Amino acid sequence: MLSHLRARRPIAAPSMLKCDFANLHREIELLDSAEASLFHWDVMDGHFVPNLSYGAMVIKSVRPLTETPFDAHLMISDPSKYLNEYINAGCEAITIHLEAVPEPVAVLNEIRRRGVVAGLAINPETPFAAAEPFLKACDLLLVMSVHPGFGGQKFIPDVVSKIRDARAMAGNDLIISVDGGIGPATIGQCADAGCDVFVAGSSVFDEPCYTTAIAALQQTARGTQACC
Ligand code: DX5
Ligand code: ZN
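Each value, and the rule that gives it
- Residues numbered from 1 in each chain as written.
- Chains lettered and ligands numbered in written order.
- Predicted model: local features only at pLDDT ≥ 70, side-chain atom pairs only at ≥ 80, totals over all residues.
- Heavy atoms only, no water.
- Near = heavy atom within 4 Å.
- Polar contact = N/O pair within 3.5 Å; in protein donor to acceptor, adjacent residues only side chain to side chain.
- Areas by Shrake-Rupley, 256 points an atom, 1.4 Å probe, with all protein chains shown as cover.
- Helix = DSSP H or I, 4+ residues; strand = E, 2+ residues; numbered from the N terminus.
- Nonpolar A, V, L, I, M, F, W, Y, C, P; charged D, E, K, R; others polar.
- Donors = N, O, S within 2.8 Å, 3.2 Å for Na, K, Ca; no water.
- Tetrahedral: all angles 85-135°; square planar, octahedral: opposite > 155°, others 65-115°.
- Buried < 20%, exposed > 50% of the residue type's maximum accessible area, 1.4 Å probe, protein only.
- Core = buried A, V, L, I, M, F, W, Y, C linked by side-chain atoms within 4.5 Å.
- Contact = heavy atoms within 4.5 Å.
- Phe/Tyr/Trp six-rings, centres within 6.5 Å; stacked < 30°, edge-to-face > 60°.
- Pairing = 2+ DSSP bridges.
- Right-handed = clockwise from strand over helix to strand, strands pointing away.

### Points about the site of ligand 1
Here is step 1: Taken together, 20 residues surround ligand 1, and among them G149, G152, D179, G201 and S202 come closest.
Here is step 2: Within the side chain of S15, an N or O atom sits 2.9 Å from an oxygen atom of ligand 1.
Here is step 3: In isolation ligand 1 has 380 Å² of accessible area, and contact with the protein removes 99% of it.
Here is step 4: Elements with a minimum of two residues in the shell around ligand 1: β2 (39–44), β3 (70–75) and β8 (197–200).
Here is step 5: Looking at which element gives the most residues to the shell around ligand 1, the answer is β2, with three residues.
Here is step 6: Residue composition of the shell around ligand 1, by class: eight nonpolar, 10 polar and two charged.

Here's what the structure looks like:
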């Protein structure tokens, strides 16, 4: 899974929070025909963030519909309690929040031990320095560019320096992802800073054609990286 992500970067990963849940099967088919490389599942517990979404049961039920890798973005207070459920649901990557688990090494090690990509997310107000001691324990760093909890928010440009710092510090092996307010106007600066995976909710699902939307985002990211 790590090699899949590394080989395909830049990746625009649809944030399933913004999909049409009345037609989830169809949405997955459309994203597969758009050649999405990663599905981003936003899990919210109404406690760590002020919103509720879906959990492992829903993810597990759609897992047989596609071979595209799943990343569970766990915006929940005690992720270690639920790791098994998300691994058993077939998630190939699991991302936990540093703000929920201030000493994340044991949880990240456990995710890796189970053969799953271990991701660590930081909120906009969390400095890069807080995540730095844990970079070696994770495969993926998720830089939140909105306050977690809702789709459709405005991109916070201040976070771009964290992407740049992480890339400079960790080299090319670390997968760096950005999540929130990513679209044609914001993806370039993140790509230029060294980001690999661009989580995109509104800028995919609000568009009439997912193939065009994903290809355009990836092309913009690639163009920015290529020229810098
Ligand atoms: C926010 C989520 C995001 C969000 C992205 O808490 O983690 O994945 O759904 O949606 P857009 O792209 O609309 O900001
Ligand atoms: Zn997310």
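### Digging into the coordination of the zinc ion (ligand 2)
Here is step 1: Taken together, the protein ligands of the zinc ion (ligand 2) are H40 (NE2), D42 (OD), H73 (ND1) and D179 (OD), with distances of 2.0 to 2.3 Å.
Here is step 2: The coordination sphere of the zinc ion (ligand 2) comprises six donor atoms, whose angles at the metal cover 69 to 170°; the geometry is octahedral.
Here is step 3: Each donor residue of the zinc ion (ligand 2) lies on one chain, and together they are spaced H-x1-D-x30-H-x105-D. Highlighted residues: H40 in strand β2 and D179 in strand β7 (residues 175–179), separated in sequence by 139 residues. Each member of the pair, H40 together with D179, is buried.

### What about the nonpolar core?
Here is step 1: If you look at the biggest cluster of nonpolar residues, it comprises 71 residues, and the most contacted ones within it are M16, W41 and I94.
Here is step 2: Other than its neighbours up to four places away in sequence, M16 contacts F21, L24, I28, L31, F39, H40, W41, Y54 and F205.

### Brief notes about the packing of aromatic side chains
Here is step 1: All told, the structure shown has five aromatic pairs when counted by the stated rule.
Here is step 2: Seen from their ring centres, W41 and Y54 are 5.7 Å apart, and the 85° between their planes marks the pair as edge-to-face. With W41 in strand β2 and Y54 in the loop between β2 and α3 (56–62), this residue pair connects regions lying 13 residues apart in the sequence. The residues W41 and Y54 share a single accessibility class, namely buried.
Here is step 3: Centroid distance F205 to Y210: 5.2 Å. Interplanar angle 75°. Geometry classified as edge-to-face. By the burial criterion, F205 is buried, and Y210 matches it.
Here is step 4: An aromatic cluster is built from F21, F39, W41, Y54 and F70, whose rings are joined through pairwise contacts.

### Considering the pairing of strand β6 (residues 140–144)
Here is step 1: Taken across its five residues, β6 has five buried, putting it largely inside the fold.
Here is step 2: Of the two faces of β6, the one carrying L140, L142 and M144 and the one carrying L141 and V143 are both buried.
Here is step 3: Judged from the four bridges that link them, strand β5 (residues 117–122) and β6 form a sheet pairing that is parallel. Opposite L120, over in β6, you have L141 as the bridge partner.

### Brief notes about the pairing of strand β4 (residues 93–97)
Here is step 1: Counting buried residues in β4 gives five out of five residues, a clear majority hidden from the surface.
Here is step 2: The alternating pattern of β4 places A93, T95 and H97 and I94 and I96 on opposite faces, both of which are buried.
Here is step 3: Direction of pairing for β3 relative to β4: parallel, over a ladder of three bridges. Opposite H73, over in β4, you have T95 as the bridge partner.
Here is step 4: Taking the sense of rotation as the criterion, the β-α-β connection linking β3, helix α4 (residues 83–88) and β4 turns out right-handed.
Here is step 5: Sheet topology note: the β4/β5 ladder contains five bridges and is parallel.

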